[in-house]
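Listed below, chain by chain, are the residues.
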Amino acid sequence: MISAPERFCPTPQAEQLPAPSAGPTAKPRIAIFSLTSCEGCSLAILELEDELLAILGAVEIVNFREGMSERAWDIDIGFVDGAVSTPHDEQQIRRLREHCKTLVAIGACACLGGVNTLKNHQSEEAYRRYVYGDRARLFPTLAAQPLSAVVKVDYELPGCPMTNEEFLRFVKCMLAGRPFKLPNYAVCVECKRRGILCRYESGDICLGPVARAGCDAICPQYGTACEACRGIVSDEALAALGRNMRERYDVPLDDVVASLRLFGASQKGELP
Ligand code: SF4
Ligand code: SF4
Ligand code: SF4
């Protein structure tokens, strides 16, 4: 059986978001930050275009390196993409936690460690030399971790990148004071609803049975297997996947574990 992951997206949260602070505009003060990542999840916010204009009428963006030069630190809701992968990231996330009333991890890097965690399975000396050559000593590093391994995270919007729809749904819940929940079922449910031919029929290893839904099964829709960029929906689903792989498909568990490692969905990834 595959061992349970050390981290996966938390169970959906039903509590109300805290009320925004009462500033001169009484609008929630929002900030967007990046740690080690491609910053694709932050950029996805800029790509919202029309929806972003509507959001801008309802919130005040006070700190967003990708989109503005002003900086303010009285923040109601801070969105952070990227993993904690360097000592500087660790300092930064502790500082952001102090300044943000609500902290939201956006994207697989922030929620799971993401592709950054691939380095955790290699020799530190080897990958640092590969990337930085003789200058490696100038670039201190840490094992890549999700934000929640270092500070308390209030909400997670997973995915690589996070989906714009989920981000907008979160912001609307925030503005209306409604609870926000992530789907608590697997990608297979969305895939079946769309009537997509299962990737297992083509001999692929698809993590749809264990991945958290919310992406509308976009990878199988385009003919590729799910690699669980939205994390694992439950330990039970993971255990069942392990059994199915052995008994029904005769798939080597090492291959399943390798797939789980891509986005840090299972940071252990060890066979018992
Ligand atoms: S989750 Fe993906 S898109 Fe988002 S910052 Fe990480 S690598 Fe980039
Ligand atoms: S393709 Fe993947 S997500 Fe779709 S039904 Fe098959 S296993 Fe599930
Ligand atoms: S299908 Fe899987 S890998 Fe693709 S976006 Fe959805 S959760 Fe991520």
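Structure's up top.
Given the structure is predicted, the values throughout are model-derived calculations rather than measurements. (Residues numbered from 1 in each chain as written. Chains lettered and ligands numbered in written order. Predicted model: local features only at pLDDT ≥ 70, side-chain atom pairs only at ≥ 80, totals over all residues. Heavy atoms only, no water.)

**A word on the layout of surface pockets**
One number sums up the size of the largest pocket: a volume of about 480 Å³. If you trace the largest pocket, you find 27 residues lining it, with Thr163, Gly214, Cys215, Ile218 and Arg230 closest to the centre. Of all elements in the fold, only α6 (164–176), α7 (187–193) and α8 (218–221) reach the threshold of two or more residues within the lining of the largest pocket. Each residue belonging to the lining of the largest pocket can be placed in one class, and the counts come to 15 nonpolar, three polar and nine charged. In this structure, the second largest pocket spans a volume of roughly 280 Å³. Surrounding the second largest pocket, 18 residues form its lining, Cys188, Cys198, Tyr200, Pro209 and Tyr249 being those nearest its centre. Elements with a contribution of two residues or more to the lining of the second largest pocket: α7 and α9 (235–249). Here the lining of the second largest pocket gets five residues from one element, more than from any other, and that element is α9. In terms of residue class, the lining of the second largest pocket is built from twelve nonpolar, two polar and four charged. (1 Å grid on protein atoms, 1.4 Å probe; cavity = no way out; pocket = protein on both sides within 12 Å on 5 of 7 lines; lining within 4 Å. Points joined across faces, edges and corners; volume = space filled by probe spheres on them. Helix = DSSP H or I, 4+ residues; strand = E, 2+ residues; numbered from the N terminus. Nonpolar A, V, L, I, M, F, W, Y, C, P; charged D, E, K, R; others polar.)

**Brief notes about the sheet that holds strand β2 (residues 60–64)**
If you walk across this open sheet you meet the five strands as β2-β1-β3-β4-β5, and the pairing is parallel. Looking at strand neighbours, the two that pair on one side only are β2 and β5 (155–157), the edges of this open sheet. Each strand axis lies, on average, 25° off the axis of its neighbour in the sheet, ignoring direction. Here three bridges tie strand β4 (residues 100–106) to β5, and the two strands are oriented parallel to one another. Counterpart to Ile106 in the pairing with β5 is Leu157. In the packing of helix α3 (residues 87–99) onto the sheet, the strands contacted are β1 (29–34), β3 (75–81) and β4, and the crossing angle to β4 comes to about 135°. (Pairing = 2+ DSSP bridges. Axes fitted to C-alpha atoms, helices over the stretch in contact; angles between N-to-C directions. Contact = heavy atoms within 4.5 Å.)

**Some details on a negative patch on the surface**
A cluster of acidic residues, Glu47, Glu49, Asp50, Glu51 and Glu165, forms a negative patch at the surface. Note that Glu49 resides in the loop between α1 (40–46) and α2 (50–58). Residue Glu49 is classed as exposed on the basis of its relative accessible area of 57%. (Patch = residues over 30% accessible without salt bridge, like charges linked within 9 Å, V, L, I, M, F, W, Y side chains within 5 Å. Areas by Shrake-Rupley, 256 points an atom, 1.4 Å probe, with all protein chains shown as cover. Salt bridge = Lys/Arg side-chain N within 4 Å of Asp/Glu carboxyl O. Lys, Arg positive; Asp, Glu negative; His and termini not counted. Charge placed at Lys NZ, Arg CZ, Asp CG, Glu CD. Buried < 20%, exposed > 50% of the residue type's maximum accessible area, 1.4 Å probe, protein only.)

**Topic: the side chain of Arg230**
By the secondary structure assignment, Arg230 is in the loop between α8 and α9. A polar contact of 3.2 Å, which involves the side chain of Arg230, links it to the backbone oxygen of Arg212. (Polar contact = N/O pair within 3.5 Å; in protein donor to acceptor, adjacent residues only side chain to side chain.)

**Considering the pairing of β3**
For β3, the tally of buried residues reaches seven of seven residues, placing the bulk of the element in the interior. Taken together, the five bridges between β1 and β3 define a ladder with parallel strand orientation. Opposite Ile32, over in β3, you have Phe79 as the bridge partner. With five bridges connecting them, β3 and β4 associate as parallel partners. Bridge assignment links Val80 to a residue of β4, and that residue is Ala105. The handedness of the β3 to β4 crossover, carried by α3, is right-handed. (Right-handed = clockwise from strand over helix to strand, strands pointing away.)

**Here we look at a nonpolar patch on the surface**
Where nonpolar side chains cluster on the molecular surface, the patch consists of Tyr130, Val131 and Tyr132 and spans about 380 Å² of accessible area. Structurally, Tyr130 can be placed in helix α5 (residues 124–132).

**Considerations on the packing of α2 against α6**
Here α2 crosses α6 at 20°, and the two axes come no closer than 12 Å. Put simply, α2 runs roughly parallel to α6. In the packing of α2 onto α6, the handedness of the crossing is left-handed. In this structure, α2 uses Glu51, Ile55 and Ala58 to contact α6, whose residues at the interface are Phe167, Leu168, Val171 and Leu175. For the contact of α2 with α6, the class distribution of residues is six nonpolar, no polar and one charged. (Parallel < 35°, antiparallel > 145°, perpendicular 65-115°, else oblique. Left-handed = near helix turned anticlockwise from the far one by under 90°.)

**Notes on the pattern of salt bridges**
For side chains of opposite charge, pairing can occur when their charged atoms come near one another. For the structure on display, the rule yields 14 salt bridges. A salt bridge links Lys152 to Asp154, with the nearest nitrogen and oxygen atoms 2.5 Å apart. Using a relative accessible area of 56% as the deciding quantity, one classes Lys152 as exposed. Of the charged contacts in the structure, one is a salt bridge between Glu166 and Arg230, with a shortest N-O distance of 2.9 Å. Taken together, the residues Glu166 in helix α6 and Arg230 in the loop between α8 and α9 connect sequence positions 64 residues apart. Per residue, the accessibility class of Glu166 equals that of Arg230, and both read buried. The network of salt bridges with common partners includes Arg29, Glu60, Asp74, Asp76 and Lys101.

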